[in-house]
Amino acid sequence: MERFAGDLQYRSIPLISSKDIVQFSFIVQKSISYLDLKLCRHSRLARVAGIYQRVWSSPLHFISTEEKCRKILTPSRSILYTLHLDLPKGRELPLNEGGHLRQQRNTTFGVAKTLPHIGEIYIYREYYYVVISDYILYASYSLDQETQLNHWLSHFNVIKESEFHQLHIRIVSSFLKHVYTNNLDFSVCKEFYQQFKFKMCLSRYESLKYLEYFLYNACYSGRSFEEDRPPAEALSHEQDLIDYCFNGTFVNVVSLLKCIDSPRLSAYNVYVAHLLKVMHFDEDALQRAGTWMSEERRCLMLQLLIIALKISKGGCVITLCAVFHLLWNAVGAPFLSSLEINRFFSEILNQNERYVIQWFYTKVMGEIHERVEPRSLKHICRTVVRKRLYIGKQWIPDAIVQLNLPVELESYVNLGLEFVSSE
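The shown structure was predicted, so the numbers you read here are calculated from the model rather than taken from an experiment.

Scoring rules and cut-offs
Residues numbered from 1 in each chain as written. Predicted model: local features only at pLDDT ≥ 70, side-chain atom pairs only at ≥ 80, totals over all residues. Heavy atoms only, no water. Helix = DSSP H or I, 4+ residues; strand = E, 2+ residues; numbered from the N terminus. Buried < 20%, exposed > 50% of the residue type's maximum accessible area, 1.4 Å probe, protein only. Contact = heavy atoms within 4.5 Å. Areas by Shrake-Rupley, 256 points an atom, 1.4 Å probe, with all protein chains shown as cover. Phe/Tyr/Trp six-rings, centres within 6.5 Å; stacked < 30°, edge-to-face > 60°. Expected span 1.5 Å × (residues − 1). Patch = residues over 30% accessible without salt bridge, like charges linked within 9 Å, V, L, I, M, F, W, Y side chains within 5 Å. Salt bridge = Lys/Arg side-chain N within 4 Å of Asp/Glu carboxyl O. Axes fitted to C-alpha atoms, helices over the stretch in contact; angles between N-to-C directions. Parallel < 35°, antiparallel > 145°, perpendicular 65-115°, else oblique. Polar contact = N/O pair within 3.5 Å; in protein donor to acceptor, adjacent residues only side chain to side chain.

Colleague: Sorry if this is basic, but what is going on with the overall build of the chain here?
Modeller: Counting its secondary structure elements, the chain contains 21 helices and three strands. Burial statistics for the chain: of 423 residues in total, 47% are counted as buried. Pairs at least 24 residues apart make up 74% of the contacts formed inside the chain by residues separated by at least 6 positions. Total accessible area computed for the chain in this model is approximately 23,300 Å², and 53% of it derives from carbon and sulfur atoms.

So, in structure tokens, the structure goes:
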């Protein structure tokens, strides 16, 4: 029996390169002539996130009418002409007025090519940032003007601080280095410290002193890192700050644990998706693993597996072991038991691999129990103290010093982290 959708489905088409914009200039720019700028070779936008493809089919196609646009982009539309059919009135609006369709009830938009009706054509939202990035990178590397450009960026009002992360990662990393090296005036960079979406760089950028300098000043600018994190009440499909580091930049965890009290776990499927990207596991086996456990314990198991895999692929053993130890020092969850590890990984890893995982966990943590045992009272007190300092929006190492604790206890509450001074 054929199913009918209750919603009207429209296709959204983002223009992701200069050539696309020129070809569709009749629609998106209301131009009456074809401007052959030959910019397609210089466009890197077709590789953004790997989800969009060029929408044009031939360099000779210039879209001069909306009907031609619909014919080229939706070949299935030819059936309308073959059968001499007309669309219901109001089913289609001018392609540069997709916003009106979005305001109507029972309408949905998607980018799937199978959707037969085009609702809107628009310029990809990150296009302008890539164009600006190209100019900045050219001036920086070809003209050797990096220092002057970074000074200019600190006063450039076209790009808002909250949008700065959309520039090329080389520009962002260079600017963070510039802010650190030149110790820019706090009042000049205050809004940058408060609004820059640094979590977007955590998985792509690894420099402990530059990141820590930013986080230190962001904390003293009054920034609430709670706004950069998913809610604490339940496991979320949104990644926590720490989870961004699991893509390979594990050393960033050291800086993050100076401005947040402890990591928050994402939903189990977030870690499953990550593992499936880096290794060929049986997805069904991953989903079945540990269904008898709480989701928190299941997530901790997959974190252990992710770090162990990173070591097996040549990651720095000392760094990864230190980071894993820090994470477990910051959480209040009981240690994983040998029975839990063996049972959880029984369908995922063979016996030798399970032994290696258990050995690694024991070596890093210094202990392991056959059954689940609660953490020590001393450790629980540490997590409570750190949480109170985090809630107070304080830079945790500085706040711990102000508690006037004995040196050994101060180091314990601070997870053994060395404080890198911002001065």
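There's plenty left to go through after this.
Colleague: Would you mind showing me how to read the packing of aromatic side chains here?
Modeller: Within a pair of aromatic rings, the relevant descriptors are the distance that separates the centres and the angle that separates the planes. On inspection of all chains with the given rule, the structure shows 24 aromatic pairs. Ring plane angle 80 degrees and centroid distance 5.7 Å describe the contact between Trp328 and Tyr361, whose orientation is recorded as edge-to-face. With Trp328 in helix α16 (residues 317-330) and Tyr361 in helix α18 (residues 351-365), this pair connects stretches of sequence that are 33 residues apart. In terms of burial, Trp328 and Tyr361 fall into one category: buried. Each residue in the set Phe164, Phe175, Phe186, Phe192, Tyr193, Phe196, Phe198, Phe214 and Phe225 is aromatic and connected to the rest through ring pairs, giving one cluster.

Colleague: Can you walk me through helix α6 (residues 127-141) in this structure?
Modeller: Think of an α-helix as turning once every 3.6 residues; residues three or four places apart then point the same way. Taking 1.5 Å as the rise per residue, α6 with 15 residues should run 21 Å; its terminal C-alpha atoms sit 21 Å apart, in good agreement. Inspection of α6 places Tyr127, Tyr129, Val130, Ser133, Ile136, Leu137, Ala139 and Ser140 among the buried residues, and these make up the whole buried set.

Colleague: Looking at this structure, I do not really get a nonpolar patch on the surface. What am I missing?
Modeller: On the surface, a nonpolar cluster with roughly 370 Å² of combined accessible area is contributed by Tyr355, Val356 and Trp359. Of the residues examined, Trp359 reaches a relative accessible area of 48% and is grouped as partly exposed.

Colleague: Whenever I open this one, the pattern of salt bridges confuses me. Can you help?
Modeller: Close approach of charged atoms lets side chains of opposite charge pair. On inspection of all chains with the given rule, the structure shows eight salt bridges. Of the charged contacts in the structure, one is a salt bridge between Glu238 and Lys199, with a shortest N-O distance of 3.3 Å. With Glu238 in the loop between α10 (208-220) and α11 (241-244) and Lys199 in the loop between α9 (186-195) and α10, this residue pair connects regions lying 39 residues apart in the sequence. Classification of Lys199 by relative accessible area gives buried; the value is 15%. Salt bridges sharing partners connect three or more residues here, namely Arg229, Asp240 and Asp261.

Colleague: Before we go on, may I ask you to explain the side chain of Ser338 in this structure?
Modeller: By secondary structure assignment, the location of Ser338 is in helix α17 (residues 338-344). Given a relative accessible area of 13%, Ser338 falls into the buried group. Each residue touching Ser338, except ones within four places of it in the same chain, is listed here: Gln358, Ile368, His369 and Glu370.

Colleague: Help me understand unusual backbone geometry in this model?
Modeller: Excluding glycine, residues mostly carry a negative phi; peptide bonds, for their part, are mostly trans. The backbone of Lys393 shows a phi angle near 55 degrees, a positive value even though the residue is not glycine. The residue Lys393 is located in the loop between α19 (377-391) and α20 (396-401) in this model.

Colleague: What am I meant to see in the packing of α9 against α10 here?
Modeller: Axis angle and axis distance: for two packed helices, these are the angle between their axes and the distance between the axes, and together they describe the pair. Contact geometry for α9 and α10: axes closest at 9 Å, N-to-C directions at 95 degrees. Looking at the two axes, α9 sits roughly perpendicular to α10. The segment α9 lies against α10, with Phe186, Phe192 and Tyr193 engaging Tyr213, Phe214, Asn217, Ala218 and Tyr220.

Colleague: Where do I start with the environment of Arg297 in this structure?
Modeller: Here Arg297 lies in helix α15 (residues 295-312). Overall, Arg297 belongs to the buried group, its relative accessible area being 8%. Linking Arg297 and Leu265, residues 32 residues apart in sequence, is a C-alpha distance of 9.8 Å. Once residues lying within four places of it in the same chain are set aside, the contact partners of Arg297 are Ala333, Pro334, Phe335, Leu336, Ser337, Glu340 and Val372. A polar contact is formed between the side chain of Arg297 and the backbone oxygen of Phe335, at a distance of 3.0 Å.

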